[in-house]
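Given next are the chains, with one letter for each unit.
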Amino acid sequence: MASSDIQLTITHSKASYTFTLSQSSTLDDLQTLIETRFSVPRSAQKVVFKGGVRIPPSPTTPSETFLASLLPSTSSQPADQPYKAVLIGASSASLLAQSSLESERQRKHSAFEYHQSKPQYKVRNTSVGQIDETEQYKFYELKPFGPEVPQLDKREAMLKRLSEDPAVRDVMKRHKFVVGTLTELHPHADSHLLGLNRNAGQEICLRLLTNALDGTRSYLDVRRVLLHELTHNVWSPHDDNFKTLNSQLNREVTEYEAANGLRSISDQMPAWEPTHTEEEEAARNGRTLAEAETGADKKRERMQFGLEDEIDFRREKMREAAERRLRDK
């Protein structure tokens, strides 16, 4: 090493490295070495010395500027000691992860905007004469997506079954719930959203299709999400009031079905609660967003088939028969 060479010891994320550069080295030379050693792109690099001196001093500093002219004053710098500085800047991998998270947040926000942009429907009573007062507590319109979304027949059937479910209708009458439109969430625009209640019952949207779009989700799972969204007719935030009412609705559904021979009261399922967002889960476990999504998909798939095929197959058949008997009374 020549006596006139420049030595820089730079620390980044608990790792330190000493660079040796000539007096003719430029800002571009230093940034190239930093990017190679620490994987921090030059656009994100900020080298900070004691006393507040920074390299580069501004984003517009020409890359051909001599490095020696950017260093702190040599009056307080021992000749045989390297300059010491800290590198501030995210690595390329971190920037990519942040970009993925931001894209995911934007996608979810776009999903909400998509449903907020849909036309609003007002519930009107157009009947003539006296009617049963309890009949007004219902879903006034079913609105699935068209044939451009797969499984139209199954989606229509599930919305109809939910709207006519005797236990759900009983809960709506008890609590005087009115819903203008029962519709669904678009499978591509809302892949991490299971339910949405707009304007306290003006419209409830449910995610009906599986992730693979090859069929509908478990009916009982979708119905639990529906009860969760009906709770939003009364309480908007997920506070203790919300959780109490949500649990009460699930308990009343179980009691109604037990009283009408649809299932044992011991079969009560817990109220559905939304989980942490995918990015929070990935951050807690130190995984990439793609890894977290893959794991969540597999878990949901196991839960779906375990619940629907192993536990509820016979119960579903008995329920359907009992529902038909109740409607035919």
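All values derive from a computational prediction rather than experimental measurement.

### Here we look at the packing of aromatic side chains
Evaluation of the coordinates by the stated rule reveals 3 aromatic pairs. Taking the centre distance of 4.9 Å and the plane angle of 65° together, the rings of Y17 and F19 count as edge-to-face. Given the relative accessible area of 4%, F19 is considered buried. Consider the rings of F49 and Y83, whose centres lie 6.3 Å apart with planes at 85°: the pair is edge-to-face. With F49 in strand 3 (residues 46-49) and Y83 in strand 5 (residues 83-88), this residue pair connects regions lying 34 residues apart in the sequence. For the pair shown, F49 and Y83 are each scored as buried. By way of ring pairs, the aromatic residues Y17, F19 and F38 are connected into one cluster.

### Regarding the sheet that holds strand 8 (residues 195-198)
Spatial strand order, 6-7-9-8: 4 strands in an open sheet with mixed pairing. What marks the edges here is a single partner per strand, and that holds for strand 6 (139-143) and strand 8. With direction set aside, neighbouring strand axes in the sheet form an average angle of 15°. Packing against the sheet, helix 3 (residues 152-164) makes contact with strand 6, strand 7 (179-184) and strand 9 (203-206), and its axis sits at approximately 170° to strand 6.

### Details of the nonpolar core
Counting 25 residues, the largest nonpolar core has L162, L182, L206, L226 and L230 as the members making the most contacts within it. Broken down by secondary-structure element, the contributors of at least two residues to this core are helix 3, helix 4 (166-175), strand 7, strand 9, helix 5 (219-231) and helix 6 (240-259). Broken down by element, the residue count for this core peaks at 7 residues, all from helix 5. Those residues in contact with L182 that sit more than four places away from it in its chain are F139, E141, L142, K143, L159, L162, S163, I204, L206 and L226. With 19 residues, the next largest nonpolar core counts I6, V40, L70 and A85 among its residues.

### Examining the packing of helix 3 against helix 5
Look at helix 3 against helix 5: their axes get within 11 Å of each other, and the N-to-C directions meet at 55°. In terms of axis orientation, helix 3 runs oblique to helix 5. Where helix 3 crosses over helix 5, the handedness of that crossing is right-handed. Along its contact with helix 3, which presents M158, R161 and L162, the element helix 5 presents Y219, V222, R223 and L226.

### Observations concerning the environment of G201
If you trace the backbone, G201 turns up in the loop between strand 8 and strand 9. Using a relative accessible area of 4% as the deciding quantity, one classes G201 as buried. Note: C-alpha distance between G201 and T231 (30 residues apart in sequence) is 9.4 Å. Once residues lying within four places of it in the same chain are set aside, the contact partners of G201 are V178, V179, G180 and N233.

About the criteria used
Residues numbered from 1 in each chain as written. Predicted model: local features only at pLDDT ≥ 70, side-chain atom pairs only at ≥ 80, totals over all residues. Heavy atoms only, no water. Phe/Tyr/Trp six-rings, centres within 6.5 Å; stacked < 30°, edge-to-face > 60°. Buried < 20%, exposed > 50% of the residue type's maximum accessible area, 1.4 Å probe, protein only. Helix = DSSP H or I, 4+ residues; strand = E, 2+ residues; numbered from the N terminus. Pairing = 2+ DSSP bridges. Axes fitted to C-alpha atoms, helices over the stretch in contact; angles between N-to-C directions. Contact = heavy atoms within 4.5 Å. Core = buried A, V, L, I, M, F, W, Y, C linked by side-chain atoms within 4.5 Å. Parallel < 35°, antiparallel > 145°, perpendicular 65-115°, else oblique. Left-handed = near helix turned anticlockwise from the far one by under 90°.

Treat this as a map of the structure, not an account of what it does.
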